[in-house]
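Summary of the model geometry
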Amino acid sequence: MVTVGVLALQGAFREHLSVLGALGVGTRKVTRPEHLDGLDGIVLPGGESSAMVRLAAPTGLFGRLGERIRDGLPVFGTCAGLILLADRLTDDSLAGFDRLGGLDITVARNAYGRQRESFVAPLTITGMTPDFDGTFIRAPQIVDTGSAEVLARHDGTAVLVRQGDVWGASFHPELGPDTRLHAEFVRRLGHDD
Ligand code: GLN
């Protein structure tokens, strides 16, 4: 059985754990570097990226996790998790803290507005029918997709990207009943396609 870690410093990690559990994979909460040992993949939840980088700093978790991602550990970052994976941010609000990188994209934090401007939108995802309802909450916006593959757009802007085994979504796929995106991430673990 594969084991998928979920970064559990802060944010919507419980929801990801329950989706992954429902899909029948082993799960592990990740809060310290030693929790990365033996993982087949990891999910980075939404929440507050500025809190996550601060909470990770004392143990050096993100330095170690960044190395594992560069070595090929499959990762799926959602919302704040996408911010952690972006190679570039438009502002310097997280400067001085370890992030992860792995996606050749530029991200603007909070560009979809405040909490009360949250919305759900049907998204057409490459290779997936019917549409997937994406929940956007204080979402980051992908303003440049670099060399990443775009799998879904909303109003012309990329909202789901993939680069090899690194996936990033600006929305929250764990907040609805639809488990197809997690299932696709899990299906590809250990495959080269
Ligand atoms: N605005 C948050 C941040 O900058 C992300 C919001 C979310 O994950 N729902 O980290």
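Here the structure is shown first, and the text comes after it.
Owing to the predicted nature of the structure, the values given are computational and were not obtained by experimental measurement. (Residues numbered from 1 in each chain as written. Predicted model: local features only at pLDDT ≥ 70, side-chain atom pairs only at ≥ 80, totals over all residues. Heavy atoms only, no water.)

Let us now look at the packing of aromatic side chains. Scanning the entire structure with this criterion turns up seven aromatic pairs. Ring geometry for Phe76 versus Phe185: centroids 5.8 Å apart, planes at 40°, classification tilted. Taken together, the positions of Phe76 in strand S4 (residues 75-78) and Phe185 in helix H5 (residues 180-188) put the pair 109 residues apart, joining distant regions of the chain. The exposure classification of Phe76 matches that of Phe185, with both residues buried. On the numbers, 5.4 Å between centres and 50° between planes, the contact of Tyr112 with Phe136 is tilted. Placement of Tyr112 in the loop between strand S6 (103-108) and strand S7 (119-125) and of Phe136 in strand S8 (residues 128-136) is noted, with a sequence separation of 24 residues between them. (Phe/Tyr/Trp six-rings, centres within 6.5 Å; stacked < 30°, edge-to-face > 60°. Helix = DSSP H or I, 4+ residues; strand = E, 2+ residues; numbered from the N terminus. Buried < 20%, exposed > 50% of the residue type's maximum accessible area, 1.4 Å probe, protein only.)

Formed by 33 residues in total, the largest nonpolar core has its most connected members in Ile42, Phe62 and Ile105. Counting residues per element, the ones that place at least two in this core are strand S3 (41-44), helix H2 (49-56), helix H3 (61-70), helix H4 (80-85), strand S5 (86-89), S6 and strand S11 (157-163). Tallying contributions element by element places H4 first for this core, with five residues. When neighbours within four sequence positions are excluded, Ile105 is seen to be in contact with Leu82, Ala86, Asp87, Arg88, Ile142, Asp144, Thr145, Ala148 and Val161. (Core = buried A, V, L, I, M, F, W, Y, C linked by side-chain atoms within 4.5 Å. Contact = heavy atoms within 4.5 Å.)

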